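# Observations on the three-dimensional arrangement
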Amino acid sequence: MQEGQYSPMATTLTLEDDEPPSRRLVPINHPTASTAVSYPIFLKNTTIIPAAKMLFSQRISKTSPKTKAFRRRFYPLVTDKEWNDWQWQVSNRIRTYEKLNRILALSPNETLVNSDTQIPLSITPYYLSLISADDPDQPLRKSVVPSINEWIKMPCESDDPLGEDHQSPVPGLVHRYPDRVLFLLLDFCSTYCRYCTRSRVVGHGNIHAGRTRWEKAIDYIAKTPTVRDVLLSGGDPLTLSDDRLEWVLSRLRRIPHVEIIRIGTKVPTVLPQRITPKLVKMLRRYHPLWMSLHFVHPDECTPETIKACTMLADAGIPLGSQTVLLKNINDSVDTMKSLMQRLMKMRVRPYYLYQCDPITGSGHFRTPIEKGLEIIRGLRGFTTGYAVPTYVVDAPGGGGKIPLMPDYVQGHTAEDMVLNNYENKCYKYPDPLPGDSVF
Ligand code: SF4
């Protein structure tokens, strides 16, 4: 990529330097609104036979009956144009218990919180439309609505269990592994997950989305030739404006030893309206660009999210998923299999299944490690290997990701390795090979 191809966006950045643009109240008629458009990106230069066309249009139906009903009930005067504008969604996110209580019948566990929690309350109207109004045990609801369980701190928990703050050579840049860095662009997300590993920072204004800090991080990367892979995260990088995100991408692309850039985001699930044709057109200029998308439950795979993932995949961005294993949310083989299979249909390759980090107040979300192994055992062999994520524990203290696998090895004889297959049937593989000494 030539340097001259980029516009550094210095003026825009200076204007917006103090705060993520998503925190501003933005006029609802923003030009980037992805209103109820047809999607030329899907259809251009493509011949579609009628039957396939019908299936295709079913696949990209614009919204679910649930979201439609929610809009009719709670946002009857909001136009399609407003609802489908990501900045309208951000500006109208639900941030107070009073407002939340008008939409959901809050349970005693949820009502009692009613004050500051470590992680702020914030839910986009779109994501709220997927949440049950009456059932506090609904998985998506538990993942974003605060409960008093967050106040319970266990001795094993800490605010920074992964020791990120001790592995930051410059503020907001974590350099843990030899060839890659984690670059935290901001601490803002449109919707906050109650189990967030970065609960100590998200929504607190500690990670300033400003050019001065970003330049320090980019300087560090430029001066560290071993860094070939930069993961942009936060907070959610896709809540930045196109211009600000492009400024970061273009600066990173000028560094010859940065081979790949990755973006970690939950936007396609909580704010799919953000994936606009304009954003996608900009992103595809910075290949090789990868994305790790955060999913927790099959209910997140809505028409809106399918459309967002399709647009990203059509732009040539390899998509992987990251899922945190959460008690009473997705801790069953059936739920996880359904999620992984739906992700595959959206061209999102299941990447990591994370054991929930022991952050402060997360005890009600954590499962025994055996549960994760049971889920992997229930996936491997029962569905395509592409749909089986790597189950990892992120080692407390900053030791990095440690993969865990069910044990399929039963033992070893003089001639064979004794193995169990996915159906628990026993097989032998010659090991060492009989002729090893000959070769
Ligand atoms: S989207 Fe990611 S960074 Fe934001 S609250 Fe959820 S887990 Fe944390």
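Scroll up to find the structure.
A short tour of the structure in this document, coming up. (Residues numbered from 1 in each chain as written. Predicted model: local features only at pLDDT ≥ 70, side-chain atom pairs only at ≥ 80, totals over all residues.)

Turning our attention to the overall build of the protein. Looking only at helices and strands, one finds 17 helices and 12 strands in the protein. Per-residue burial over the protein gives 39% buried out of 439 residues. Across the protein, every contact between residues at least 6 apart in sequence was considered, and the portion connecting residues at least 24 apart equals 80%. (Helix = DSSP H or I, 4+ residues; strand = E, 2+ residues; numbered from the N terminus. Buried ≥ 20, exposed ≤ 12 C-beta atoms within 10 Å, placed from the backbone. Contact = placed C-beta atoms within 7 Å.)

With that settled, the discussion passes to helix H16 (residues 333-345). The end-to-end C-alpha distance of H16 is 18 Å, a good match for the 18 Å that 13 residues give at a rise of 1.5 Å each. Taken together, the buried positions of H16 are occupied by Met336, Leu339, Met340 and Leu343. Summarising the axial view, the buried residues of H16 lie within an arc of 95°, below the 170-degree limit, and thus occupy one face. Those residues of H16 that are exposed and aimed more than 90 degrees away from the buried face are Asp334 and Lys345. Buried residues along H16 sit against strand S6 (319-325), strand S7 (348-355) and helix H17 (369-379). (Expected span 1.5 Å × (residues − 1). Arc of directions from axis to C-beta.)

Moving on, we come to helix H11 (residues 211-222). Compared with the 16 Å implied by 1.5 Å per residue over 12 residues, the 16 Å span of H11 between its first and last C-alpha is a close match. Of the positions making up H11, those classed as buried are Trp214, Ala217, Ile218 and Ile221. Each buried residue of H11 lies within a common arc of 100° when the element is viewed along its axis, so the set occupies one face. Relative to its buried face, H11 has exposed residues pointing more than 90 degrees away, namely Thr212 and Glu215. Where H11 is buried, its residues touch strand S1 (173-177), strand S2 (180-184), strand S3 (229-233) and helix H12 (242-253).

Before going further, it helps to examine the site of the ligand. Surrounding the ligand, one finds Cys189, Tyr192, Cys193, Cys196, Arg198, Val202, Gly234, Gly235, Asp236, Lys266 and His294. Per-class residue counts for the shell around the ligand are 5 nonpolar, 3 polar and 3 charged. (Near = placed C-beta within 6 Å. Nonpolar A, V, L, I, M, F, W, Y, C, P; charged D, E, K, R; others polar.)

This part is about the nonpolar core. Val181, Phe183, Leu185, Val230, Leu312 and Leu326 are the most contacted members of the largest nonpolar core, which totals 89 residues. The biggest single contributor to this core is helix H15 (residues 303-314), with 5 residues. Excluding anything up to four places from it in sequence, Leu312 contacts Ile275, Val280, Met291, Ile317 and Leu319. (Core = buried A, V, L, I, M, F, W, Y, C linked by C-beta atoms within 7 Å.)

What follows covers the environment of Tyr192. When you line up the elements, Tyr192 lands in the loop between S2 and H11. With 27 C-beta atoms packed within 10 Å, Tyr192 lands in the buried category. Residues Tyr192 and Pro120, spaced 72 residues apart in sequence, show a C-alpha to C-alpha distance of 6.9 Å. Leaving out residues up to four positions away in the same chain, Tyr192 has contacts with Ile119, Pro120, Ser122, Val144, Val202 and Gly203.

What follows deals with the sheet that holds strand S9 (residues 400-404). Strand order across the open sheet formed by 9 strands is S1-S2-S3-S4-S5-S6-S7-S8-S9, with mixed pairing between neighbours. Across the chains shown, the open sheet's two edge strands, defined by having one partner strand only, are S1 and S9. On average, each strand axis in the sheet is inclined to that of its neighbour by 30°, with strand direction left out of account. One ladder, built from 3 bridges, connects S1 with S2; its direction is antiparallel. Of the residues in S2, the one forming a bridge with Leu173 is Phe183. (Pairing = 2+ DSSP bridges. Axes fitted to C-alpha atoms, helices over the stretch in contact; angles between N-to-C directions.)

This part takes up the packing of H16 against H17. The N-to-C vectors of H16 and H17 enclose an angle of 55°; their axes lie 9 Å apart at closest approach. Overall, the two elements H16 and H17 adopt an arrangement that is oblique. Our pair here, H16 against H17, has a crossing hand that is right-handed. The segment H16 lies against H17, with Val333, Met336, Lys337 and Met340 engaging Ile375, Gly378 and Leu379. Across the contact of H16 with H17, the residue classes tally to 5 nonpolar, 1 polar and 1 charged. (Parallel < 35°, antiparallel > 145°, perpendicular 65-115°, else oblique. Left-handed = near helix turned anticlockwise from the far one by under 90°.)

This next bit is on unusual backbone geometry. A cis amide bond, omega 20°, links Gly234 with the succeeding residue Gly235. Mapped onto the fold, Gly235 is located in the loop between S3 and H12. Of the consecutive residues His287 and Pro288, the connecting peptide bond is found in the cis state with omega at -5°. Tracing the chain through its elements places Pro288 in the loop between helix H14 (277-283) and strand S5 (289-294). Even without being glycine, Asn328 reaches a positive phi, approximately 60°. Note on placement: Asn328 falls in the loop between S6 and H16.

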